[in-house]
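Here is what each chain is made of, one letter per residue.
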Amino acid sequence: MAKAGTKDRFSTATRLRLLGEQTAERVYRSQTKRQARRSRLTGRAALLALVICSLVVALAYPMRQYVSQRAEIDDLRRQKAERRADVEKLRDEKARWQDDAYAEQRIRDRLHYVMPGETGFTVIDPAAARSRRADQGAASRPWYSNVWDGVDKADRPDD
């Protein structure tokens, strides 16, 4: 039997079987090494993704604050320019009021003053006079009629 075992050991089928087993073992080892490398690479990628996500989260709020503050600064600059324009208009108006002729003319327009020897008159708009007469008739009607008329007037488009 010893001869059969040695002969069997060197037969082609046995050699092929051994060669196949060795090859399968090498392939299995290389696959486990590749899988180990892949899992290690995947771990690194996961760590990198975690770091990037944490940086994005950490920087999101300060960036939002920065952008909103820049917008607020632009808004304040625009308001400052508007206020300067308002101040310039008020300075111009103040300078005009320092002129006696301008002040006299504005006082006469606003308070309807007339200089001695002049005749003063007021022009009345006929449409305004009609509406005033209609309003005088409203005093004799019940209050709810007046309210309803006011609603109707508010609904009408301006002509």
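Keep in mind it's a predicted model, so treat the numbers as computed, not measured.

Participant: Let's hear about a positive patch on the surface: which residues, and what values?
Facilitator: Where like charges cluster on the molecular surface, the positive patch consists of Arg70, Arg77, Lys80 and Arg84. As for its position among the elements, Arg77 is in helix α2 (residues 12-98).

Participant: Describe the UniProt feature "coiled-coil region" (unreviewed entry) in the chain, listing the residues and the values that go with them.
Facilitator: UniProt annotation of "coiled-coil region" (unreviewed entry) refers to residues 73-100 when read in the numbering used here. In residues 73-100, helix accounts for 96% and strand for 0%; the two terminal C-alpha atoms are 43 Å from one another.

Participant: Before we move on, can you summarise the packing of aromatic side chains with the specific residues and values?
Facilitator: Tallied over the full model, the rule gives 2 aromatic pairs. For the pair Trp143 and Tyr144, a centre-to-centre distance of 5.9 Å together with 80 degrees between the ring planes defines the contact as edge-to-face. A residue is classified by how much of its surface remains accessible, and Trp143, at 64% relative accessible area, is exposed. On the basis of relative accessibility, which here comes to 51%, the residue Tyr144 falls in the exposed class.

Procedures and definitions
- Residues numbered from 1 in each chain as written.
- Predicted model: local features only at pLDDT ≥ 70, side-chain atom pairs only at ≥ 80, totals over all residues.
- Heavy atoms only, no water.
- Patch = residues over 30% accessible without salt bridge, like charges linked within 9 Å, V, L, I, M, F, W, Y side chains within 5 Å.
- Areas by Shrake-Rupley, 256 points an atom, 1.4 Å probe, with all protein chains shown as cover.
- Salt bridge = Lys/Arg side-chain N within 4 Å of Asp/Glu carboxyl O.
- Lys, Arg positive; Asp, Glu negative; His and termini not counted.
- Charge placed at Lys NZ, Arg CZ, Asp CG, Glu CD.
- Helix = DSSP H or I, 4+ residues; strand = E, 2+ residues; numbered from the N terminus.
- UniProt positions renumbered as here; feature names shortened; annotations may be inferred.
- Phe/Tyr/Trp six-rings, centres within 6.5 Å; stacked < 30°, edge-to-face > 60°.
- Buried < 20%, exposed > 50% of the residue type's maximum accessible area, 1.4 Å probe, protein only.

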